[in-house]
Amino acid sequence: RKARVGRPGRTEVGKMPPPGDAVAVQVALRVRPLVPSEIEQGCVACLGVTPGEPQVVVGGEKAFTFDHVFSAATPQEDVYTNAVQPLLEAFFAGFNTTVFAYGQTGSGKTHTMGTNAGVDEAGDDETGIIPRLVADLFARVNQEGDVWRRDVSVSFLEIHNDDIHDLLDQTPKVCTLREDAAGGVVVANLEEYKVTDAGEMLSQLADGSARRATASTCMNATSSRSHAVFTILMHSSKLTSSADGEEAGEADAFVSRLHLVDLAGSERAKRTKAEGARLKEGININKGLLALGNVISALSDEEKRKEGAYVPYRDSKLTRMLQDSLGGNSRTLMIACVSPADSNFEETVNTLKYAHRAKSIKNKAVVNREGPSAEVAALRAQVQALEAMLAGGGGAAPANGSLDNLPAASSAESQERIAELEREVAALKDEVGRKNRRALTLEIEADKLKLKLASVCKEHNIHLEDEKEAADASEGNADPASDGSAPDSEEQEPQQAPEEDGGMGWALSNAAMAEELHGIEEALDLKQRLLDQMTQGGADIEAGVDQAQMQTMQQTIDSLTNEREELLKLGNQASKVGDLEQQIASLRHKVAEQERLLKVKHLTDRRIGQLSGEIDSMKGAKVQLLRKIKTETEKFREWRAEHMKEVALLKRQRSQAEYQNHKLQAQMDKQAGVLKRKMEENSAANSRIKALLTAKSVAKGSKDAMASGAAAGKEAGDSLEA
């Protein structure tokens, strides 16, 4: 498992950028060749690429011009070198960059992006954009290792049925979109993993792609059923000073993000023949792409953009995540993938229209500095703004770009504006502080509610059947907090295998062991505090007991007792005897107190020995329990990885079976159409034959009638002559 970097559970997607130079979204068109199924159906190409020009002509009439146009014969390397490699330079310069593929299903988006590439496919001619970019990225990181420190991490997510899933986490979970204090969109619970070389990053890509939702349809044997976003995060900081001997300046620390987006293709149910879950997936895919199209249309309208018209980023999770990529702080490349077949003419034209609109979108990309360099850049921007404001109000702007030489008599309007801005900044800071405190309060309340719910469930014995079995199994183990003995792992009953209950038994058992460990730690801490107190008390008692003083006092008591006996024998010494008795009583009281302290010290030492033994035993139990938890976790992790491989294999087998079923169904439909056409031709031939036979029969009857009439006339003539 790779090291996790960044804030745990929160991964920043993007923030609204500060004012910067407007940069248009780059648009590239990729035309795939005709596939065998289209050739079998007799499809022909309905669009052509103009030689030497980034232009494509559809239907021989309508022409579209883009930044790059790649025909079906263009290799993958040319697509990467001409369209994507310049964005890698911007990424190393500290800019956020985005590359996303758009088009109908089966148009070659995943092939172009290389999302499903394996670890060993980086040098193949058919390798897509992502593996090539990863190889170039780490080649440059290693090349500049003596000058720049680059910390690279990755995340991989999918949007499936409008739910966000972390593809790099073996445990399936749903992530959510939230806004941070600065108004940026973040993905909660999405993990980032630190990588150190190209093989490690491609391994993460392959693992995530194996978990991505895919299925077979009539239009694509391996159709992507989700939108995938592969993000590379890089923190850059300069290690040495500049060439002229000056220290590294404001541009020496920055952070940049590279989003590589493989969108699911738009599709029509009557062509894909999707049913059930596939139909639901297609509906959600089209909803997300429709929201994306609406955002592109809103941003491409220059008049509405100048008027500050509403842009519907919130209509879908896809558009919220791509908010910076379209109209925000990013340098973006859109790769429109189209099919040349005339059967896909309508979908191809729609894709070209959307891509043509995207050319009009303007982004404001800036270098994302961090640390002290970001503060320096912000202060310089503020200084420039104040200088421009003062110059507009009648004051002369300083020539050296600082505020040291500002005129003493600035305009009252400028001073009021500066004071107003300072008040607004202070108010915003107070508001941010209140929101942060409110968020912390809500988190504390949520934790309290969780603890209360757990206690209520435990009090009323509310739990699942599997949880009850796990609790019964855990009750058979020795409680290390009660008698200080370590649990005997050999006498415990074997736990239920993860594959028998889908991992639920392991999770409940792990939770029980974690609770047991917590109890051991609490008891251990309590006994340790008690041991410290008793040790300190024993030291105090030992400091108060003096064996030599006790012996001296005992000798004094004996001498005083002898002296008292002698005085009693002499008589008439009552006053002296009284004084001696008082001294003897006082000394005996002190000796008794010392003896009591000695007895307490002996008891304390014995209890300290018992506590030390119990603490050592509990520490041993804690170590064994930690080892058991670690062993069980490793076993479950191995089972989980094997299970995910089996699931991926079953998915591939199911996709192949579905594809074969669709293929057989298409063949049957084709044969049925041929049979129907033959039957219709036979019916028409039979009708024509029947009509000919009827006409022939009528003609023969007329001829026979004429012949009989002629014979009758002849007989009548013969009779008249006779």
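What you see is a predicted model, and the numbers here were worked out from it, not measured in a lab.

(A) The arrangement of the overall build of the protein in detail. Scanning the protein from terminus to terminus reveals 18 helices and 19 strands. Split into buried and exposed, the 722 residues of the protein put 36% on the buried side. Taking the contacts inside the protein whose residues are at least 6 apart along the sequence as the reference set, 76% of them involve residues at least 24 apart. Accessible surface computed for the protein: about 41,900 Å², of which carbon and sulfur atoms make up 52%.

(B) Structural detail: the pattern of salt bridges. Per the counting criterion, the structure on display carries 14 salt bridges. Note that Arg314 and Glu179 form a salt bridge whose closest N and O atoms lie 2.2 Å from each other. Separated by 135 residues along the polypeptide, Arg314 in the loop between helix H8 (302–306) and helix H9 (317–321) and Glu179 in strand E11 (residues 174–179) bring together distant segments of the chain. For Glu179, a relative accessible area of 41% corresponds to the partly exposed category. Notably, a salt bridge pairs Glu179 with Arg320, separated by 3.6 Å at the nearest N-O pair. Taken together, the positions of Glu179 in strand E11 and Arg320 in helix H9 put the pair 141 residues apart, joining distant regions of the chain. The buried category is assigned to Arg320, whose relative accessible area is 14%. Through salt bridges with shared partners, a single network forms among Glu89, Arg140, Glu144 and Arg150.

(C) Molecular detail of unusual backbone geometry. Although it is not a glycine, Asn161 sits at a positive phi angle of roughly 55°. With respect to the helices, strands and loops of the structure, Asn161 is situated in the loop between strand E9 (148–160) and strand E10 (163–166). Classification of Asn161 as partly exposed rests on a relative accessible area of 25%.

(D) Quick look at the nonpolar core. In this structure, Leu29 and Phe66 are the most contacted members of the largest nonpolar core, which totals 45 residues. Sorting elements by how many residues they give to this core places helix H7 (residues 277–300) first, with 7 residues.

(E) Region of the structure containing a negative patch on the surface. Residues Glu77, Asp78, Asp124, Asp125 and Glu126 make up a contiguous surface patch of negative charge. Checked against the element boundaries, Asp78 lands in helix H2 (residues 76–92).

(F) Inspection of the packing of aromatic side chains at higher detail. Going through the model one piece at a time under the given rule, you end up with 6 aromatic pairs. Considering the side-chain rings of Trp148 and Phe254, the 5.6 Å spacing of their centres and the 50° angle between planes classify their relative orientation as tilted. A residue pair is termed long-range when its members are at least 10 positions apart, and Trp148 in strand E9 and Phe254 in strand E17 (residues 253–262) qualify at 106 residues. In this structure Trp148 comes out as buried when scored by relative accessible area, which is 17%. Exposure remark for Phe254: the relative accessible area of 4% places this residue in the buried category. Over the ring of Phe92 we find Arg140; its NZ or CZ atom is 4.4 Å from the centre of that ring. The ring of Phe95 has Arg331 lying over it, and the distance from NZ or CZ to the ring centre is 4.0 Å.

(G) Structural view of H2. Between its first and last C-alpha, H2 extends 23 Å over 17 residues, near the 24 Å set by a 1.5 Å rise per residue. In the structure, H2 departs most strongly from a straight axis at Val84, where the bend amounts to approximately 45° and where the proline Pro86 lies between one and four residues downstream. Taken residue by residue, H2 has Gln76, Val79, Tyr80, Ala83, Val84, Leu87, Leu88, Ala90, Phe91 and Phe92 as its buried positions. Taken from the residues just after H2, Gly94 is the one with a positive phi, measuring 105°.

(H) Representation of the packing of H2 against helix H4 (residues 129–143) in the model. Viewed as axis vectors pointing N to C, H2 and H4 meet at an angle of 45°, and their least axial separation amounts to 10 Å. As far as their axial angle goes, H4 and H2 are oblique. Our pair here, H2 against H4, has a crossing hand that is right-handed. Judged by residue contacts, Gln76, Glu77, Tyr80, Val84, Gln85, Leu88, Glu89, Phe91 and Phe92 of H2 engage Ile129, Arg132, Leu133, Asp136, Leu137, Arg140 and Val141 from H4.

(I) The arrangement of the sheet that holds strand E6 (residues 62–65) in detail. One open sheet accounts for 3 strands, arranged E4-E5-E6; its pairing is antiparallel. Each end of this open sheet is capped by a strand with a single partner; those strands are strand E4 (47–49) and E6. The mean inter-strand angle of the sheet, taken between neighbouring strand axes irrespective of direction, is 20°. The pairing of E4 with strand E5 (residues 55–58) spans 3 bridges and is classified as antiparallel.

(J) Just the pairing of E6, in detail. In terms of strand pairing, E5 meets E6 through 4 bridges, oriented antiparallel. Bridging across to E6, Val58 finds its partner in Lys62. Connecting E5 to the next strand, E6, in antiparallel fashion are 3 residues, including Gly59 with a positive phi near 65°.

(K) The arrangement of the confidence of the model for the protein in detail. For the protein, per-residue confidence averages 77 on the pLDDT scale, and residues scoring 70 or more make up 75% of the total. Throughout residues 1–19 the model reports pLDDT below 50, and contacts reaching past four residues in sequence, or to other chains, amount to 60 contacts. pLDDT under 50 marks residues 464–496. Its contacts with residues more than four places away, or in other chains, come to 37 contacts.

(L) Geometry of the side chain of Ser209. As for its position among the elements, Ser209 is in helix H5 (residues 198–211). We classify Ser209 as buried; its relative accessible area is 16%. Those residues in contact with Ser209, other than ones at most four positions away along the chain, are Thr115, Asn116 and Phe156.

(M) Up close: H4. Taking 1.5 Å of rise per residue, 15 residues should cover 21 Å, and H4 covers 21 Å from first to last C-alpha, within 8% of that figure. Every buried residue of H4 is accounted for by Ile129, Ile130, Pro131, Arg132, Leu133, Val134, Leu137, Phe138 and Val141.

(N) Summary view of the environment of Gly199. Take Gly199: it is sitting in helix H5. Judged by its relative accessible area of 36%, Gly199 is partly exposed. The spacing of Gly199 and Pro131 is 68 residues in sequence and 9.6 Å in space, taken between C-alpha atoms.

Calculation notes
Residues numbered from 1 in each chain as written. Predicted model: local features only at pLDDT ≥ 70, side-chain atom pairs only at ≥ 80, totals over all residues. Heavy atoms only, no water. Helix = DSSP H or I, 4+ residues; strand = E, 2+ residues; numbered from the N terminus. Buried < 20%, exposed > 50% of the residue type's maximum accessible area, 1.4 Å probe, protein only. Contact = heavy atoms within 4.5 Å. Areas by Shrake-Rupley, 256 points an atom, 1.4 Å probe, with all protein chains shown as cover. Salt bridge = Lys/Arg side-chain N within 4 Å of Asp/Glu carboxyl O. Core = buried A, V, L, I, M, F, W, Y, C linked by side-chain atoms within 4.5 Å. Patch = residues over 30% accessible without salt bridge, like charges linked within 9 Å, V, L, I, M, F, W, Y side chains within 5 Å. Lys, Arg positive; Asp, Glu negative; His and termini not counted. Charge placed at Lys NZ, Arg CZ, Asp CG, Glu CD. Phe/Tyr/Trp six-rings, centres within 6.5 Å; stacked < 30°, edge-to-face > 60°. Lys NZ or Arg CZ within 6 Å of the ring centre and 35° of its normal. Expected span 1.5 Å × (residues − 1). Bend = angle between axes of the 7 residues up to and from the residue. Axes fitted to C-alpha atoms, helices over the stretch in contact; angles between N-to-C directions. Parallel < 35°, antiparallel > 145°, perpendicular 65-115°, else oblique. Left-handed = near helix turned anticlockwise from the far one by under 90°. Pairing = 2+ DSSP bridges. pLDDT = per-residue confidence, 0-100.

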